[in-house]
Amino acid sequence: MKVYTEVLKQFISDLPDTETLKSVLTNHAFEVEEVIKKEKGDAIDLKVLPDRAHDALSHRGVAREIATHTGKKFNEVATQTLTPTTEVSSVPVRVESELCHRYMALRIENVSVAKSPAWLSEILGVLDQKSINTLVDLTNYILFELGQPMHVFDAEKVKGAITVRTARAGETMTTLDNKELTLTEEMLVIADDEAVLALAGIKGGKKAEVDANTKSIILECANFDSISVRRSAFKVGIRTDASKRFENNYPSLWAEQTLLRYVYLLQKEQPDISYGEVTDIYPNPKMSFLATITTKRTNEWLGTQLSSSEISEILTKLHLEHVQKDEGVFEVTCNDNLFNIRSVDDQKYVSYQIIGHIGRVLGYDAGIQEKEYMPLKPRGQVVPYITETDRIRNELVARGFVEVRTYHFQNEGEEELENPIANDKKFIRSNLYLGMSEALTKATYNAPLLGRTDIFIFEIGTVVTKEKGEVIHLALAGFKQNQKKQKVIDVLKQTLSEIGLDTNVEKETENYIEVVISAHNELFEAAQDVVDLVHESQYVNWKPLSVYPFMTRDIAFFVSEEAKQKDLQEIFLLWAGALCVRVDMFDEFEKTLEDGTKKLSQAYRLVFQSQEKTLTDDEVNVCMQNVEREIESLGCEVR
Amino acid sequence: MEQKGHLHPLSILINDITQAGVKLGFDIVDGPELEQEKYNFDMLNIPSWHPARDMWDTFWVKTLAEKGRRVMRTHTSSVQPRYMESHTPPFAVLVPGKVFRYEPTDATHEAQFFQLDGFMVGKDVSVATMKSFFAQFFSELFKKEINVRMRPSYFPFVEPGVEVDMSCFKCGGSGCNTCKHTGWIEIMGAGMIHPKVLVACGLNPEEWQGFAFGVGIDRIAMMKYGIDDVRHLYNGDVRVSAQF
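I will try to describe carefully the structure that is included in this document. Nothing here was measured: the structure is a model prediction, and the numbers come from that model.

Let us look at the overall build of chain A. Secondary structure assignment for chain A yields 18 helices and 30 strands. The C-alpha radius of gyration computed for chain A amounts to 37 Å, which surpasses the reference 26 Å derived for 639 residues by more than 25%, pointing to a less compact arrangement than a globule. Looking at the 639 residues of chain A, the share that counts as buried comes to 40%.

See below:
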């Protein structure tokens, strides 16, 4: 929600500067996402969350907050005292559904569909709204000013009475932006004697659209049930600034002020307008109600030592009327300004909301001091499956396995998503095989980058099957260049047996094995101590992963006496240049010559990769020529 | 040639969290990832019609007639009602676990990630206790003195709700790239457990009160280790773990 300092000044004449507003709002009310400098003032983009979306998705609501936290005086905006004429008829309205809480309508004659005045289009521009004409723009402006949505119909196009009713099955309407909607029976609509004029609280229709020839309008200022608006908006897939406010329970209390504000602003622009009596159907006026809070409970909840008089002062800042019935017992009059009450249940717990408001007036940063946290004793235990999986991690890492994590959603499984994010991610995995197979392929390819010929990986993760529900599996997989001595699967099996997990095998191939570790349903009985995972560094110097392929080159040579004194691995990295990302010795042996002297032979593998491009043979060859030249200059004999 | 094994960075971080929590007297538990709607939403004061549901983009799982609606849990806060309805306070619990959000992925967003939810319920657990706990917990986790500050916010299952910022664990508050030169890191949401949630779990809010918080583990991992793309954590790439 963007607020514009020029509009806020309507409510607070001596508005503090934007820096102050930013700090006050952040610490006591709403997160400030951005401040945008405009020609005349600043637009402040605020994150208004659902607890305050009923009253603070408006300049009025934000201005009240500013007044609370700065002590500035808050004024309501000017409105019109109506002088209706009998020459203009009042609007006949029938409200046939309880989903409409209040319906106000006023017929206004002699209006002009003129371009909006400069002040109005400037403000709408700052608030990212398109200017259409004065009649429509004023409803839009007032929505942002006061929060209450309104709508204007061309009065000549409305036939007979206005009826607020639920749609008939299959009834259709065309929206102002030319979308064809087919309505269902639970949707609330505004209709005349012929057809649907608007989808209540969501979108106006083409039928009674204001156009260049419009001379008289019907101004609608109404309130609709929040759940109904939310459901209908979802169903037709249209969400508007109006529907957003209604679904957040915008109060019906302020409809009259809003309607009078419209007439006031329109009359200033178009003094010749005339209007009839207001129609106001408001069967169950929403009343303020009383809630009790105590000084004791407030202090217990917040961890403060406020006195009753301090609490009373804060309530006054919040514009909350209150009386102290007994020492430390306050009866607070609650209305729609701060409390978004949707149910009897909400009302029951409103005292906690008041305490919350007191907390933020104090300020959670500066206003509430820390009270020493004392650990509960004896506590601090870990649910067994976490201890067990961490034990397994330690065992596997000690045996040279690399842990990976893969995705839960894939193209096969037993439990299916209603709303998958992609066609090949429709299912929750029922085993780890697919993810691990891909991981193994990548790991095998990348093995030289990690300085390995063989590579073994593992994953521990949840899977879901219809029969067993949610279960934790362990999968091992590996690649070995030479399987003469021991096959991959034998390594995997031996590993499992060493760590005591060779039962409960779910799946096995020549390079893969998956076992069940634990049913994921023994969740809460924490009973074991934490297992420390064995690892080296607390902080890691992360190297970004290249998306380009790497190349390897091997070099073998007899090592000279001079070279024996050096750290060849280090020196190789230097000589081969920045493209060389890894050097590993992969072979070493001593050869006895005929004359009885011994020669040490070593073989190194160099891995080349760029962060920016795919390397060519030529580029790598140049690097290798440098390496060869330098190694020879150390007296080594390249083989 | 290299023969060393490697842990996944998330395993290391979750283990660090577990150790810090245990040291401060918290039990470490978990609940199911495929969760009933009532634990993920309704019992946390997020009824189906409430606009607050928009705060979580949810994966729904096809329903079996007898089981009611099911979701991939959108937060490990789902374990709060599960735990509270079957235990008597006082208790202090941490839940590190995998959660799911229906959203397109990019370098900073994943459809699956890890979240730490924590809650403590007792006789005199207050906003002031919560603030002190956070400072201690993060100091323990990052092995250095961390300060916290809180700002008002809103989550349906707490009253009041706060956003928690912590002093930057890299620069200590003097300003660096990790904290975007502000000295502070927006780290998590928290608040006093809403009395409605306590009641839904069979606890009397006049008798018991406590705080709850939720923090993204992947985000901490990315900041702590400098990992540039969250997708690296789940694409099964050994080049990730090999750096740890």
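Having seen the model, we can carry on.
Right, let's talk about the pairing of strand 23 (residues 455-465) of chain A for a bit. Residue and element names in this part refer to chain A. Most of strand 23 is tucked away: 10 of the 11 residues are buried. Inspection of the sheet shows strand 19 (residues 402-403) paired to strand 23 by 2 bridges, in the parallel sense. Pairing of V402 across the sheet is with I457, part of strand 23.

Let us now look at the sheet that holds strand 2 (residues 31-37) of chain A. Residues and elements named next belong to chain A. Reading across from one edge, 1-3-2 is the order of the 3 strands in this open sheet, with antiparallel pairing throughout. With one partner strand each, in any of the chains shown, strand 1 (2-4) and strand 2 form the two edges of the open sheet. Looking at each pair of strands side by side, their axes are set apart by 25° on average, direction ignored. Docked against the sheet, helix 2 (residues 18-28) engages strand 2 and strand 3 (42-47), running at close to 165° with respect to strand 2.

Residue and element names in this part refer to chain B. In space, the 7 strands of this open sheet follow the order 1-5-6-10-9-8-7, with mixed pairing throughout. On the outer flanks of this sheet lie strand 1 (27-28) and strand 7 (148-153), each paired with one strand and no other. Relative to strand 9 (residues 184-193), strand 8 (residues 158-167) is paired through 8 bridges, and the arrangement is antiparallel. Its bridge partner being in strand 9, V162 is matched across the sheet by A190. Where helix 4 (residues 127-142) meets the sheet, it contacts strand 7, strand 8, strand 9 and strand 10 (209-216), and its direction lies at approximately 135° from that of strand 7.

The interface of chain B with chain A comprises 81 residues on the first partner and 96 residues on the second. The set of elements that each furnish at least two residues to the side of chain B that touches chain A consists of helix 1 (9-23), strand 1, strand 3 (60-61), helix 4, strand 7, strand 8, helix 5 (195-200) and helix 7 (238-241) of chain B. Within the side of chain B that touches chain A, the residues separate by chemical class into 40 nonpolar, 23 polar and 18 charged.

Residues and elements named next belong to chain A. Between helix 5 (residues 134-146) and helix 8 (residues 255-269), the shortest axis-to-axis distance is 10 Å and the interhelical angle comes to 135°. Between helix 5 and helix 8, the crossing angle belongs to the class labelled oblique. Between helix 5 and helix 8 lies a crossing of right-handed hand. For the pair formed by helix 5 and helix 8, the contact residues are T134, L138, T139, I142 and L146 on the first element and Q257, T258, R261, Y262, L265, L266 and E269 on the second.

Residues and elements named next belong to chain A. Considering the arrangement of structural elements, one finds V196 in strand 11 (residues 196-199). C-beta crowding within 10 Å serves as the criterion here: with 24 such atoms nearby, V196 is assigned to the buried category. Sequence separation between V196 and Y512 is 316 residues, and the spatial gap between their C-alpha atoms is 64 Å. Look past the residues within four positions of V196 in its chain and what remains in contact with it is A167, E171, M173, V189, A191 and G205.

Along any regular strand the residues' side chains alternate between the sheet's two faces. All names here are of chain A. By the bridge criterion, 7 bridges tie strand 24 (residues 469-479) to strand 26 (residues 512-519) in an arrangement that is antiparallel. Across the sheet, A475 pairs through a bridge with E514, a residue of strand 26. Across 4 bridges, the pairing between strand 25 (residues 505-509) and strand 26 is antiparallel. By the bridge assignment, T509 is partnered in strand 26 with Y512. What sits between strand 25 and strand 26 in their antiparallel hairpin is a turn of 2 residues.

So, about the packing of helix 9 (residues 295-302) of chain A against helix 12 (residues 350-362) of chain A. Residues and elements named next belong to chain A. For the pair helix 9 and helix 12, interaxial distance at closest approach is 10 Å and the crossing angle is 65°. Seen along the crossing, helix 9 lies across helix 12 with a hand that is right-handed. Listed contacts from helix 12 to T298, W301 and L302 of helix 9 are I355, I358 and G359. Taken together, the residues of the contact of helix 9 with helix 12 sort by class into 4 nonpolar, 2 polar and no charged.

For the rest of this paragraph, the subject is the nonpolar core. Counting 238 residues, the largest nonpolar core has V189, A200, I217, L219 and I457 of chain A together with I193 and F211 of chain B as the members making the most contacts within it. Residue contacts for L219 of chain A: discarding those within four places in its chain leaves A105, L106, I108, M150, V152, L259 and Y262 of chain A. One finds Y604, C623, V627 and I631 of chain A within the second-largest nonpolar core, a separate group that totals 16 residues.

A few words on unusual backbone geometry. For the bond from P89 of chain B to P90 of chain B, the omega torsion is 5°, close enough to zero to count as cis. Note the cis peptide between E159 of chain B and P160 of chain B, where omega equals -5°. Inspection of the secondary structure puts P160 of chain B in strand 8. The phi angle at H319 of chain A is positive, at roughly 60°, despite the residue not being glycine. The residue H319 of chain A is located in the loop between helix 10 (308-317) and strand 17 (322-326) in this model. Judged by C-beta crowding, with 13 C-beta atoms within 10 Å, H319 of chain A ranks as partly exposed. Positive phi, close to 55°, is recorded for K143 of chain B, a residue that is not glycine. Along the polypeptide, K143 of chain B turns up in the loop between helix 4 and strand 7.

About the criteria used
Residues numbered from 1 in each chain as written. Chains lettered and ligands numbered in written order. Predicted model: local features only at pLDDT ≥ 70, side-chain atom pairs only at ≥ 80, totals over all residues. Helix = DSSP H or I, 4+ residues; strand = E, 2+ residues; numbered from the N terminus. Rg over C-alpha atoms; globule rule 2.2 N^0.38 Å. Buried ≥ 20, exposed ≤ 12 C-beta atoms within 10 Å, placed from the backbone. Pairing = 2+ DSSP bridges. Axes fitted to C-alpha atoms, helices over the stretch in contact; angles between N-to-C directions. Contact = placed C-beta atoms within 7 Å. Nonpolar A, V, L, I, M, F, W, Y, C, P; charged D, E, K, R; others polar. Parallel < 35°, antiparallel > 145°, perpendicular 65-115°, else oblique. Left-handed = near helix turned anticlockwise from the far one by under 90°. Core = buried A, V, L, I, M, F, W, Y, C linked by C-beta atoms within 7 Å.

Read these as spatial facts, not as claims about activity.
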